[in-house]
Amino acid sequence: MSAAAPQTGLFDCRDAYVATLEALGAQNSSIVAVVNDSVGSSKLGKFREKFPERLINVGIAEQNMIGVGAGLANGGKVAFVSGASCFLTGRSLEQVKADVAYSQANVKLCGISSGVAYGELGPTHHSIEDVAWLRTMGNIDIIVPADPWETEQAIRHAAATEGPVFIRISRMGVPALERPTDAQFQIGKAEVLHAGDDAAILANGTVVCRALEAAKTLAAEGIQARVVNMSSMSPIDEAAILSAAQTGAIVTAEEHSVRGGLGGAVAEIIAQHTPCRLKILGFAGFQPTGSAEFLMEQAGLTADHIAASVRKLLDR
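Scope of this entry: the structure provided in the associated data block. (Residues numbered from 1 in each chain as written. Predicted model: local features only at pLDDT ≥ 70, side-chain atom pairs only at ≥ 80, totals over all residues. Heavy atoms only, no water.)

Let's talk about the sheet that holds strand 12 (residues 277–283)
Right, so step 1: One open sheet holds the five strands; their spatial order is 7-9-8-11-12, and the pairing between them is mixed. The open sheet is flanked by strand 7 (191–194) and strand 12, the only strands paired with a single partner. Each neighbouring strand pair of the sheet contributes to a mean axis angle of 25 degrees, computed without reference to strand direction.
Right, so step 2: Relative to strand 11 (residues 249–257), strand 8 (residues 199–203) is paired through four bridges, and the arrangement is parallel. Bridging across to strand 11, A200 finds its partner in I250.
Right, so step 3: Set on the sheet, helix 10 (residues 262–272) makes contact with strand 8, strand 11 and strand 12; between it and strand 11 the angle comes to about 145 degrees.
Right, so step 4: Packed onto the sheet, helix 12 (residues 303–314) meets strand 8, strand 11 and strand 12 and runs at close to 155 degrees relative to strand 12. (Pairing = 2+ DSSP bridges. Helix = DSSP H or I, 4+ residues; strand = E, 2+ residues; numbered from the N terminus. Axes fitted to C-alpha atoms, helices over the stretch in contact; angles between N-to-C directions. Contact = heavy atoms within 4.5 Å.)

In structure tokens form, the structure reads like this:
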């Protein structure tokens, strides 16, 4: 599907998620939503009003929620299982592994308020390991959308695809990215948003807009940094990563742990094929209690710090 018309301001990707799910639900009566007492934080109130018999609230019982979703999928439903990403993955990882990934159940895991969106609630509510945990399973699509349009496309892909999908849905405000009107979302394909051959910035989720700001700053200094949106984490676009490695310098940036996420995936690939200078930006471990913006700044996930990391790799 083509990109939507450009919008201004910052957007909560949960809104794109629920609007798309409601539209798909009106077209397909097999679509159901399963939540862990998170109708409010998942913004599924209107879905419940429109389809009261198709929203199942299991309460604060994440392991059970995954099992219910898998059971509904085995009964022919398209189950969108929605909850805070920290609990959806961490608390029920065994059920995700056995009931969904291993069994190839037609379950769509929607990790709400991922990363450090729940900043003030502390490390128990931060979800900076979810991608790493799920990447090891290998047979589940993992998508980390960067803006509302890509969130919509990810949900549509999930609904149209047989088998497990995990979509990491942020609540942190992001702008709608500029894209050609004929832009297409394709699982397993990266998206080059800014051309450049001096270095490459690979990012996903809420950090993509910051990577673009960094590239604009660098361009004013005569450094052309390629910006690649790596929203598809599994399958991942190895060709795009190897192409980025040809620049000789890669900075990865993500609202995730520096271990096992985008940076880890890039390191795995270039180490085996095209070694180059690499800097991984993200969270080094448990984070303190604080606002999401504070935590992002502390971790160096700002446009200025991303630009500085590129300069350092290039020794400029």
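Observations concerning unusual backbone geometry
Right, so step 1: For the bond running from S234 to P235, omega is 0 degrees, close enough to zero to count as cis.
Right, so step 2: The residue P235 is located in the loop between strand 10 (232–234) and helix 9 (238–245) in this model.
Right, so step 3: With a phi close to 60 degrees, K43 is a non-glycine residue in the positive phi region.
Right, so step 4: Summarising the element assignment, K43 is placed in the loop between strand 1 (31–35) and helix 2 (45–50).
Right, so step 5: By relative accessible area, which is 31% here, K43 ends up partly exposed.
Right, so step 6: Of note in this structure, Q104 is not a glycine but carries a positive phi near 55 degrees.
Right, so step 7: Relative to the assigned elements, Q104 resides in the loop between helix 5 (93–102) and strand 4 (107–112).
Right, so step 8: Using a relative accessible area of 39% as the deciding quantity, one classes Q104 as partly exposed. (Buried < 20%, exposed > 50% of the residue type's maximum accessible area, 1.4 Å probe, protein only.)

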